[in-house]
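# Descriptive analysis of the structure
The lines below spell out each chain.
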Amino acid sequence: MVSAVMSAVESKAIRRRNWQTNINAWLLLLPAVVLLAAFTHYPILSTIYHSFHSLSRGGTSEFVGLENYTFMLEDDVFWQVLRNNIIFALATVPTSIGLALLMAVWVDKKMAGRSFLRLAFFTPTVLPMIAVANIWLFFYTPGYGLLDQFLKSLGFSGHNWLGDPSTVMSCLAVMVVWKEAGFFMIFYLAALQTIPPELKEAAQVEGASRWYFFRRVTLPLLMPTTLFISINALINSFKLVDQLVIMTKGGPNNASSLLLYYIYEVAFTFQDTAFAATLTVTLIAILAGVALTKFVYLDRRIHYQ
Amino acid sequence: MKFKTKALLTAGFMTLASLGAGTAQAVDLTMYYPVAVGGPVTKVIDDMVQQFHKENPDIKVESVYAGNYTDTMTKAMTAMKGGQPPQLSVLFSTDLFTLMDEKAIVPIDEIPGADKEWLNSFYPAFMENGRVEGKTWSIPFQRSTIVLYYNKDAFKEAGLDPEKPPTTWAEMAEMSKKLVKKDASGNVSRWGVEIPSTGYGYWMLQALAIENGQKLMNEAGNQVSFNAPKTVEALQYWVDLAAKEGVMPKGAVEWGTLRTDFLEGKTAMMWHTTGNLTAVKEAAKFNFGVAMLPAKERRGSPTGGGNFYVFKSASPEQQQAAVKFIKWMTAPERAADWSIKTGYVAVTPAAYETEVMKNYVKDFPQALVARDQLEHAVAELSVHENGRIYKIMNDAIQSALTGAQTPQEALDGAQKQSERFLSRYK
Amino acid sequence: MRQKDHSVETIAAWALALLWLLPLAYSLWSAFHPSEYATRFDLTAPLTLDNFVRAWNQAPFARYYLNTLMLVTMVLACQLVIATLAAYAFARFKFFGRDVLFALVLVQLMIMPDVLIVENYRVISGLNLLDTIPAIGLPYFASAFGIFLLRQTFKGVPNELVEAARVEGASSFGVLWRVFVPLGKTTYIAFGLVSVSYHWNNFLWPLIVTNSVESRPLTVGLAVFGAPETGVDWSVITAATVMTMAPLLLAFLLFQKQFVQSFMRAGIR
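Parameters at a glance
- Residues numbered from 1 in each chain as written.
- Chains lettered and ligands numbered in written order.
- Predicted model: local features only at pLDDT ≥ 70, side-chain atom pairs only at ≥ 80, totals over all residues.
- Helix = DSSP H or I, 4+ residues; strand = E, 2+ residues; numbered from the N terminus.
- Rg over C-alpha atoms; globule rule 2.2 N^0.38 Å.
- Buried ≥ 20, exposed ≤ 12 C-beta atoms within 10 Å, placed from the backbone.
- Contact = placed C-beta atoms within 7 Å.
- pLDDT = per-residue confidence, 0-100.
- Nonpolar A, V, L, I, M, F, W, Y, C, P; charged D, E, K, R; others polar.
- UniProt positions renumbered as here; feature names shortened; annotations may be inferred.
- Pairing = 2+ DSSP bridges.
- Domains from an automatic or database assignment.

Once that is clear, we can look at the overall build of chain B. Per the secondary structure count, chain B includes 18 helices and 11 strands. Its C-alpha radius of gyration of 23 Å places chain B within 12% of the 22 Å reference for a compact globule of 426 residues. In terms of overall dimensions, chain B has a C-alpha envelope of 75 × 50 × 35 Å along the principal axes. For chain B, with 426 residues in total, the buried portion stands at 56%. Contacts in chain B between residues at least 24 apart in sequence constitute 74% of all its contacts with a sequence separation of at least 6.

The structure is reproduced here in structure tokens:
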């Protein structure tokens, strides 16, 4: 009603101001938009495009429909790396979250030397994965590596840790947990510090045990953090492949290979970019699936407030 | 003095003129070289390159070290796809088919300056991998065969004759049993023999297959015989060394750390490239011997290592300069020097006729074993999609060695997968 | 009873912490002792810097340091500028297509450049930038994470401050520069630390796009630095490893609190 009586001049001015706002905003966004388009959106689309084409060694490209996909589904290695990746995620995500929680609870308490504890737990996080891999590689070296020396001193026999398909994944998982737990601890620590101390005092007055309080109050309050960390850790487990380059090259017999490492191998060692694109589409689909789950189920409440 | 300078200058100009460059500018060459940065070999190559530049100021070679063979091949291919290929590179002699399929390289014998006499001066066994369709595509340089290194002190300790290394498969297994040493709690402190299975497992299996009388591929590079009965038998022998005889550790034996194992006395024998000879010689604190690989039906080892390739995208001037460089690098004195410093086989018979080499082998006859083995040697496995086929083969070997599959199953799988890729080239 | 609980927990916590430091302690041990002590532990073993000298002389680590420094500086500078502008637009402007655009930005949070190596390689190669330091950084210049963080911060800036600056005659840019940027200081530090440690440590992408000493960052330099097969021994490799992580580790030890708080801030969002 009011707008109806608004004078034409005024609405024109508003429109012009809108215009200006629009232009200003878009100009501000221009660099980000261009770069994101060039290195995120365009590559995603072009990956999908290439996955439907074959690229012969001569360099000619032709549409092949789903051929690359059938090729992928018939590829034993693909299924193995996918399985490996799921196992890797299942092995590292819950363990590192559990440990992170434990660490956070300890560090949050007024414990002797807690800043030292925090330092010890967090340090691995700032180290390059490639350096960490170098150190751990020597841990696991059969015969004279640290782990074997330790076991031998206890009278056990040595073991070819990274050379045995049944142990290699666990060895890498232990290393990744070591590196990641401290990172997740930080999130818990932040969350713990937002829990009002009155709650605890009240519980103490009521005579509730510490364990009871932790289970019934702390843990539920930390739930959003736990979910957030889980998602991040899950995504991370599909990204972490640096260690493979140094430690196992995905071996023995692909027992430690992960999807992204396989993509790297196919694209840059075997020079089969069409197949690499097909594998990348799978990886993108997985990540997008995780992301959608997150947005649909978890972020509803706090959806860009 | 003055005259000399002038003569040199004139010579320089003439070279330039003959190169057809027409300008007084130096020719720049980028060379990819398969060695980890920081290793002793880096230094050797750097020194050679510098010496070459001193003698040939009109050519400047920049060497790029990119890791092992696979890494370097990856880098070279990636750079080529990105439009910035090197002008020359040392890559697996067996990458030839892949490089041809990618239309990456030119035949060396078509470049002016590569004369017949020079091309025929190399050991024929080393030229085998480089000649296809009647053309010479690559020049051998960092070449090797597999040899058996053995710890003489350990032999003595085990009551074996240190001058009599095993000559047959059966002997090797028998002797290994005697060489295994266990500590009080029954843990093995020294193994009998180790054959590396990571990285170059296919190479080791090929050696075993050759000794068993089986070739692994055809000349055209599109057919492999991975699950032929004799190949399976070869792998079975390897697996049995660990599983049945208990003389080799179970699981994968790391190529990279095997030498350290040997030097630390963790294994009495190892199969390894002769390219390690000098490093072993310098670090060994015990007497060691080098022997040809033991025989089953026959002696034998695949040749191995890297050749020089010249890239197609290089300008004619660069290609000629590259040939000049390669010629220089493979000249007898240099080849001898290179062999002495590393342990690789010098690529021409003439190198073994040089004074330095003669003196060297007088004191260190071990240096001749790999060369003498050449008469039994067979070209290394070389097919289309080489990188992939190697990977498939290595995976199969590892799965057999770790007991995940029987040799028959593993090699059947490898054959099937390889055929999937090779069918494109028939 | 409760007291005893506490001490048991303290002991457990300390045990875990020591276990956590063990790999690092080991690498320091092996880097600072002659190689014959790499696998033997003997408190009387002589200390030495020899391994560092050898590593330093065997590979161009000085150049790698420089490359990494240039890389993280360039990435951080570009990220800060680009993210500030974008976040400002998202937080303070109402414009056509804002929500769609923001959703498109968030895509990068889930599908990071790290997984798009094949196509990004094509793009970089198309731009003729292969084997350069900008090539390593370019895909990361527009950081969705940075935009997201700063947008949250900017949204929390009270309107009165903005109005006050406007009254004083500040332009849009003036407001951004004088009001928003100073108030975002903690966010900037937090994001900066996260970004620097991320790019100092990044490996796979730099490995793919670099070939030469002139562009290789430290991590790639370390990876192509000697393997045991070429005759470089463990002690030298650990020395090189320690060199690679030392600057970040030292910075972390010195500014521990800021680091932890920054990571916390960046995490809560």
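That covers the picture; the talk isn't over yet.
With that out of the way, let us pick up the confidence of the model for chain B. Residue and element names in this part refer to chain B. Taken as a whole, chain B shows an average pLDDT of 88; of its residues, 93% reach a score of 70 or greater. When the criterion is pLDDT under 50, residues 1-24 qualifies, and its contacts beyond four places in sequence or with other chains add up to 12 contacts. In the predicted assembly, ipTM is 0.89 and pTM is 0.85.

Facing 70 residues of chain A, the contacting portion of chain C comprises 66 residues. Within the residue set of the side of chain A that touches chain C, elements represented by two or more residues are α2 (8-51), α5 (114-126), α6 (129-140), α7 (146-153), α8 (165-192), α11 (242-247), α12 (259-269) and α13 (273-298) of chain A. Taken together, the residues of the side of chain A that touches chain C break down into 55 nonpolar, 12 polar and three charged.

Right, let's talk about the interface of chain A and chain B for a bit. Listed as interface residues are 21 residues of chain A and, on the opposing side, 26 residues of chain B. Taken together, the residues of the side of chain A that touches chain B break down into six nonpolar, 12 polar and three charged.

A few words on the UniProt feature "transmembrane region" (unreviewed entry) in chain A. As annotated by UniProt and renumbered to match this structure, "transmembrane region" (unreviewed entry) occupies residues 25-45, 86-107, 119-139, 167-192, 213-235 and 274-297 of chain A. Secondary structure over residues 119-139 of chain A splits into 90% helix and 0% strand, and the C-alpha atoms at its two ends are 22 Å apart.

Residue and element names in this part refer to chain B. Of all seven residues making up strand β1 (residues 27-33), six are buried, and the element is well covered by its neighbours. Of the strand pairs in this sheet, β1 and strand β2 (residues 59-65) are connected by seven bridges, and their pairing is parallel. By the bridge assignment for β2, V27 is matched with I59. Direction of pairing for β1 relative to strand β3 (residues 88-92): parallel, over a ladder of two bridges.

A few words now on the environment of L21(C). Structurally, L21(C) is set in helix α1 (residues 2-32). Distance in space between the C-alpha atoms of L21(C) and M245(C) is 15 Å, their sequence separation being 224 residues.

Residue and element names in this part refer to chain B. For chain B, the assigned domains read domain 1 (17-144 + 304-368) and domain 2 (146-303 + 378-425). Relative to domain 2, the C-alpha centre of domain 1 lies at a distance of 28 Å. Counting residues at the interface gives 25 residues for domain 1, matched by 22 residues for domain 2. Only α3 (69-81), α4 (96-101), α6 (124-127), β6 (139-151), β11 (303-310) and α14 (332-342) provide two or more residues apiece to the side of domain 1 that touches domain 2. Across the side of domain 1 that touches domain 2, the residue classes break down as eight nonpolar, 12 polar and five charged.

So, about the domain arrangement of chain A. Many analyses report the size of an interface as the accessible area lost when the parts associate. All names here are of chain A. Segmentation of chain A into domains returns domain 1 (2-51) and domain 2 (72-298). Each of domain 1 and domain 2 has a C-alpha centre, and these two points are 40 Å apart. Domain 1 puts five residues into the contact, and the matching count from domain 2 is seven residues. Split by residue class, the side of domain 1 that touches domain 2 holds two nonpolar, three polar and no charged.

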